[in-house]
Amino acid sequence: MEKFVEMQEALKLLNVPDPAERLANLAILLGEEKQAPQVKPQYANNHIHTCYSFSPYSPTAAVYMARAEGLQTAGIMDHDSIGGAEEFRKAGKLAGMGTTCGMECRADLSATSMASRKLNNPDQAGIAYMAIHSVPATGFARLQEVFGPLREKRNLRNRKMVDNINQIMEPYGILVDFEKDVVPISCYAVGGSITERHLLCALSQKIIDKAGKEQCAEFVEQKLGIPLTEKQKGQLSDLANPHMLYDLLGVMKAQMVEKIYVPATEECMPFADLVKLAGEVGAILCYPYLGDVTNSVTGDKKAAKFEDDFLEELFEMLKEEGVHGITYMPARNTDAQIERLQALCRKYHMTEISGEDVNTSRQSMICPQLEKPQFTHLVDMAWKLVEREKGYPV
């Protein structure tokens, strides 16, 4: 408990509004450190979200938390924004950690053979998440320039989804205001994005305020008609739970998105254009494999089928379109899914990159599966990305 309180105090310093102050506070904390965290070189994580998309951590705080868990290298991965990358890289240098920078976005596959397929995007067929990995510092400004207008278009859709939330919640006396409740919990004003998680986080806070922590689980089940597992019920009934907001957000993400979702159209770059842009900035464009889901490890996805029925066909399309990498999260998939995926990566000469999708306070920065021999190359690749990005002149 003492360690938890100590970490929370550190996060207050590392999550202040000003990036320069965050970095200065990191330097102070590191200087006052009595003992460095135990190093765990068998792990790496190239998919850490920050407050520039949705996360409890600023870029500086993300580096600090990764280091605290024993990581020696870490990677930033925000939605529709790489605005936190410069700070992330500076924080990594202060902390003596290797860093790799990237961002993810939705892409429009309507001009490909996957036009009608439901891929790694649970909410919409023909639209896929893509990860732009290993972006050198020379590419940061270009990506921010391109995605700035797309973030604005996304906000038009975000506002429509808030309207949908309010139609559902009005009978319970809950209304979410996009400008007052959503924008302030984002980094949109400084080049960050606003995602579905922001909308549902604002809603989750309203529910907690309305029902009180002691009746949160009851409100969700009896008023909203959302069934909770015993684990979820326990989390949402624990008055001392410091992660309650994020736990409720996980429930809302799994159960509410399909009710409020507005299809993404104009904000999604055509696939061929994204392939070209990644090449222009010197990045490695990857398809993030999701795989058929049974029991979601992160708790924010329902059981569903995704790419497994047509996986080799997907690999063929990616190769034809000029994509050279696959990213995946071993904790999400079965051994059989991973073995098949790795075999296809070898067959189609795809770079393999991994990272656990961290965006809540309850999650660990470490994926324990990386201890297994079949994943050693993923840690090696993390270091190759670090060195690769150093090779570009700044």
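All figures in this text were calculated on a predicted structure; none of them were measured in a lab.

Undergrad: Can you walk me through the overall build of the chain in this structure?
TA: Scanning the chain from N- to C-terminus turns up 14 helices and eight strands. Taking 2.2 N^0.38 as the reference for a compact globule, 394 residues should give roughly 21 Å; the C-alpha atoms of the chain span a radius of gyration of 20 Å, in line with that estimate. With the principal axes as the frame, the chain shows a C-alpha extent of 55 × 55 × 40 Å. Per-residue burial over the chain gives 57% buried out of 394 residues. Put simply, 77% of the contacts in the chain that link residues at least 6 apart link residues at least 24 apart. As displayed, the chain has an accessible area near 17,100 Å², and 52% of this comes from carbon and sulfur atoms. Charged side chains in the chain number 43 positive and 54 negative. The centres of these two groups are separated by 0 Å.

Undergrad: Would you mind going over the state of the cysteines with me for this structure?
TA: Here, disulfide denotes a covalent bond that connects the sulfur atoms of two cysteines. As enumerated under the stated definition, the model contains zero disulfides in all. The thiol sulfur of cysteine 216 is not disulfide-bonded, and the nearest other cysteine sulfur, from cysteine 201, lies at 12 Å. The exposure class assigned to cysteine 216 is buried, which follows from its relative accessible area of 0%. Just so you know, cysteine 345 is unpaired, no disulfide at all, and the nearest cysteine sulfur is the one on cysteine 286, 9.3 Å from it.

Undergrad: Sorry, what's going on with helix H11 (residues 271-280) here?
TA: For an α-helix, 3.6 residues make a turn, and residues three or four places apart therefore share a direction. When H11 is considered as a whole, its buried residues turn out to be Phe271, Leu274, Val275, Leu277 and Ala278. One side of H11 carries all its buried residues, which in axial view fall inside an arc of 165°. In this structure, H11 carries Lys276 and Gly279 as exposed residues pointing more than 90 degrees from its buried face. Of the surrounding secondary structure, the elements contacted by the buried residues of H11 are strand E3 (98-108), strand E4 (127-133), helix H5 (140-169), strand E5 (269-270), strand E6 (284-288) and helix H12 (311-321).

Undergrad: Explain the pattern of salt bridges here, please?
TA: Two side chains of opposite charge can pair, provided their charged atoms sit close to one another. Evaluated as defined, the whole model comprises 26 salt bridges. Two residues, lysine 305 and aspartate 292, come together in a salt bridge whose shortest N-O distance is 2.9 Å. Here the residue lysine 305 occupies a position in the loop between E6 and H12, and aspartate 292 occupies one in the loop between E6 and H12, the gap between them amounting to 13 residues. Note that aspartate 309 and lysine 305 form a salt bridge whose closest N and O atoms lie 3.5 Å from each other. Here aspartate 309 falls in the exposed class, since its relative accessible area comes to 60%. With a relative accessible area of 47%, lysine 305 lands in the partly exposed category. Each member of the salt-bridge network shares a partner with another, and the members are Asp80, Arg106, Arg154, Arg157, Glu196 and Glu267.

Undergrad: I keep staring at the pairing of E4 and nothing clicks. Help me out?
TA: Remember that side chains alternate between the two faces of the sheet whenever the strand is regular. Of all seven residues making up E4, seven are buried, and the element is well covered by its neighbours. As paired elements, E3 and E4 share six bridges and run antiparallel to each other. The residue of E4 that forms the bridge with methionine 103 is isoleucine 132.

Undergrad: What's the story with the side chain of aspartate 80 in this structure? I'm lost.
TA: Locating aspartate 80 in the fold gives a position in the loop between strand E2 (73-79) and helix H4 (85-95). Here the side chain of aspartate 80 touches arginine 154 through a polar contact of 2.8 Å, side chain to side chain. Beyond its immediate stretch of four places on either side in the chain, aspartate 80 contacts Met103, Glu104, Cys105, Arg106, Phe147, Arg151, Arg154 and Ser193.

Each value, and the rule that gives it
- Residues numbered from 1 in each chain as written.
- Predicted model: local features only at pLDDT ≥ 70, side-chain atom pairs only at ≥ 80, totals over all residues.
- Heavy atoms only, no water.
- Helix = DSSP H or I, 4+ residues; strand = E, 2+ residues; numbered from the N terminus.
- Rg over C-alpha atoms; globule rule 2.2 N^0.38 Å.
- Buried < 20%, exposed > 50% of the residue type's maximum accessible area, 1.4 Å probe, protein only.
- Contact = heavy atoms within 4.5 Å.
- Areas by Shrake-Rupley, 256 points an atom, 1.4 Å probe, with all protein chains shown as cover.
- Lys, Arg positive; Asp, Glu negative; His and termini not counted.
- Charge placed at Lys NZ, Arg CZ, Asp CG, Glu CD.
- Disulfide = S-S within 2.5 Å.
- Arc of directions from axis to C-beta.
- Salt bridge = Lys/Arg side-chain N within 4 Å of Asp/Glu carboxyl O.
- Pairing = 2+ DSSP bridges.
- Polar contact = N/O pair within 3.5 Å; in protein donor to acceptor, adjacent residues only side chain to side chain.

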